[in-house]
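Read off the chains here:
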Amino acid sequence: MIIRRTVSAAATTAAAVAALALTAAIPAHAAEYSSALKIKGVQYDAPGRDSNKCSGGNTKNEYLTIKNYSKKSKVNLKGYKVRDKAGNTFVFKSNHILEPGDYVHLRGGRGTDSDGKNVVYRQNCNFMWNNDKDTIYFYKPGGTPADIHAYTKKAHDKDGNGYIKYHG
């Protein structure tokens, strides 16, 4: 009996070590969190030559798409936070309700937020996402992660159009 326990304990330890190694091998951009809201995709490189001028610039063409993947629940974006690796942050300060299956484009530049047009503007004419690589952090109002994705242009944008799709 003692030998069986030793073997059983050794097998359990080996399985735990293997599971830990597997977990450590999963990159941060593949992490899944318990959240109805997830990042559907990012237009990290606005089409055309980058110009962060508030008038005539193209920061509004850089956007993050956030989708409500719930089949039954509405979600209010108020209090959710988006951040890049450098610490640039946007917090949804107003109520913006996403119906099940609905999405919103968080765009750069200045504009009028619209539920009907599924758009929220950062009211900032600076680009948020780097054109070569970055990490997108999306947090729930309490600060827990809702979704996180890292990207590099070379590895994740094979067609070179500046858009990366994450969740379907």
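These numbers come from a predicted model, not from an experiment. (Residues numbered from 1 in each chain as written. Predicted model: local features only at pLDDT ≥ 70, side-chain atom pairs only at ≥ 80, totals over all residues. Heavy atoms only, no water.)

A. Highlighting the packing of aromatic side chains. Tallying each qualifying case throughout the model produces 5 aromatic pairs. Look at Tyr63 and Tyr163: their rings are 6.2 Å apart centre to centre, the planes differ by 40°, and that puts the pair in the tilted class. Of this pair, Tyr63 sits in strand S2 (residues 63-68) while Tyr163 is found in strand S11 (residues 163-165), placing the two residues 100 residues apart along the sequence. On the basis of relative accessible area, Tyr163 is assigned to the partly exposed category, the value being 23%. Where Tyr80 meets Phe138, the ring centres are 5.3 Å apart and the plane angle is 25°; that geometry is what we call stacked. (Phe/Tyr/Trp six-rings, centres within 6.5 Å; stacked < 30°, edge-to-face > 60°. Helix = DSSP H or I, 4+ residues; strand = E, 2+ residues; numbered from the N terminus. Buried < 20%, exposed > 50% of the residue type's maximum accessible area, 1.4 Å probe, protein only.)

B. Region of the structure containing the sheet that holds strand S1 (residues 37-43). Here we have 5 strands laid out as an open sheet, ordered S8-S7-S2-S1-S11, and mixed in their pairing. Among the strands making up the open sheet, the edge pair consists of strand S8 (119-121) and S11. The mean angle between the axes of side-by-side strands here comes to 25°, regardless of whether they run parallel or antiparallel. Relative to strand S7 (residues 103-107), S2 runs antiparallel, the two being bridged by 5 bridges. By the bridge assignment for S7, Thr65 is matched with His105. (Pairing = 2+ DSSP bridges. Axes fitted to C-alpha atoms, helices over the stretch in contact; angles between N-to-C directions.)

C. The sheet that holds strand S4 (residues 81-84), seen in detail. Pairing in this open sheet of 4 strands is antiparallel, and the strands run S5-S4-S9-S10 from one edge to the other. Edge positions in the sheet fall to strand S5 (89-91) and strand S10 (145-152), since each of these pairs with one other strand and no more. Taken over all neighbouring pairs, the strand axes of this sheet differ in orientation by 10° on average, direction set aside. Two strands pair when backbone bridges link them, and strand S9 (residues 133-139) and S10 are joined in this way by 7 bridges, in the antiparallel orientation. From the neighbouring strand, Asp134 faces S10, where its bridge partner is Tyr151.

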